[in-house]
Amino acid sequence: MKKIIITIDGYSSCGKSTLAKQLARKLDYVYIDSGAMYRAITLYFLQNRVDWTSSPAVVEALHNIHLDFVCNSLTSLSDMYLNGENVEHLIREMLVAEKVSEVAAVKEVREFAVAQQVKMGARKGIVMDGRDIGTVVFPHAELKIFMTADITIRVERRFKELYEKNKNITLEEVKQNLELRDYIDANREISPLRKADDAIILDNSHLNLHDQLELVMQWVEDAIMAHSS
Ligand code: DC
């Protein structure tokens, strides 16, 4: 069957990565979490006290950053490696979440990440989620999805995830972080979060994972059919 590129963009904590992983497993495609790259760069900047408001400092730091996705044999998913170190857990911490949108708005950072993402899609058979995947990274992708969900539902989902690791986290903190990230992501100058004209909107506020996957699999089949001839 013809392999396609599937892009999933949308607001923070809409379940983009959950859907992307389900699709990749079902279709035997590669899943790429583009947000993990921005998170790893942010982690490096924080660890090395890089001033991301200074263009020369950013350019110099990017020369020292090597990012890799390495398959984890336990989860069968890719873990993010920063300069040879597995940072999959570290990049999910609140400290990184608080700064990642600022770092992801920096022109040089986006150019660095996008160039690598484009290369990863060369062989098709890929599901990539993020904020600019259907608009900038793969503007010619065969299937583009734009995800959204009620803010209260997104806050609850994210809170549950973070509470597992940190019992001190509050709902209010999570809500503020999500709202701020959405605002910065949608209003930045370079490739802001927006729906591609040809993306299909998926509002999953009231969809369970099973029904969501069935619905999207239908879109996948339609996209493959439409691009087979
Ligand atoms: O998907 P995520 O929450 O892990 O993404 C973390 C941040 O990275 C998000 O707030 C915005 C940024 N991002 C981006 O600007 N472009 C992407 N393609 C993916 C993520």
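Residues numbered from 1 in each chain as written. Predicted model: local features only at pLDDT ≥ 70, side-chain atom pairs only at ≥ 80, totals over all residues. Heavy atoms only, no water.

Asks: Lay out the overall build of the chain in plain terms, naming residues and giving numbers.
Replies: Counting its secondary structure elements, the chain contains 9 helices and 8 strands. Counting only C-alpha atoms and orienting by the principal axes, one finds that the chain spans roughly 50 × 40 × 35 Å. Out of the 229 residues belonging to the chain, those deemed buried represent 49%. Within the chain, contacts between residues separated by at least 24 positions form 72% of all contacts whose residues are at least 6 apart in sequence. Split by element, the accessible area of the chain, about 12,000 Å² in all, is 53% carbon and sulfur. For the chain, the centre of its 28 positive side-chain charges and the centre of its 34 negative side-chain charges are spaced 2 Å apart. (Helix = DSSP H or I, 4+ residues; strand = E, 2+ residues; numbered from the N terminus. Buried < 20%, exposed > 50% of the residue type's maximum accessible area, 1.4 Å probe, protein only. Contact = heavy atoms within 4.5 Å. Areas by Shrake-Rupley, 256 points an atom, 1.4 Å probe, with all protein chains shown as cover. Lys, Arg positive; Asp, Glu negative; His and termini not counted. Charge placed at Lys NZ, Arg CZ, Asp CG, Glu CD.)

Asks: Any details on the sheet that holds strand E2 (residues 30-33)? Residues and values, ideally.
Replies: Read from one edge of the open sheet, 5 strands run E2-E6-E1-E7-E8, paired in parallel fashion. Sheet topology places E2 and strand E8 (200-203) at the edges, where each strand pairs with a single neighbour. Geometrically, the sheet is characterised by an average inter-axis angle of 20 degrees between neighbouring strands, direction not taken into account. As judged from the 4 bridges shared by E2 and strand E6 (residues 126-130), these two strands associate in the parallel manner. Bridging across to E6, Ile 32 finds its partner in Met 128. (Pairing = 2+ DSSP bridges. Axes fitted to C-alpha atoms, helices over the stretch in contact; angles between N-to-C directions.)

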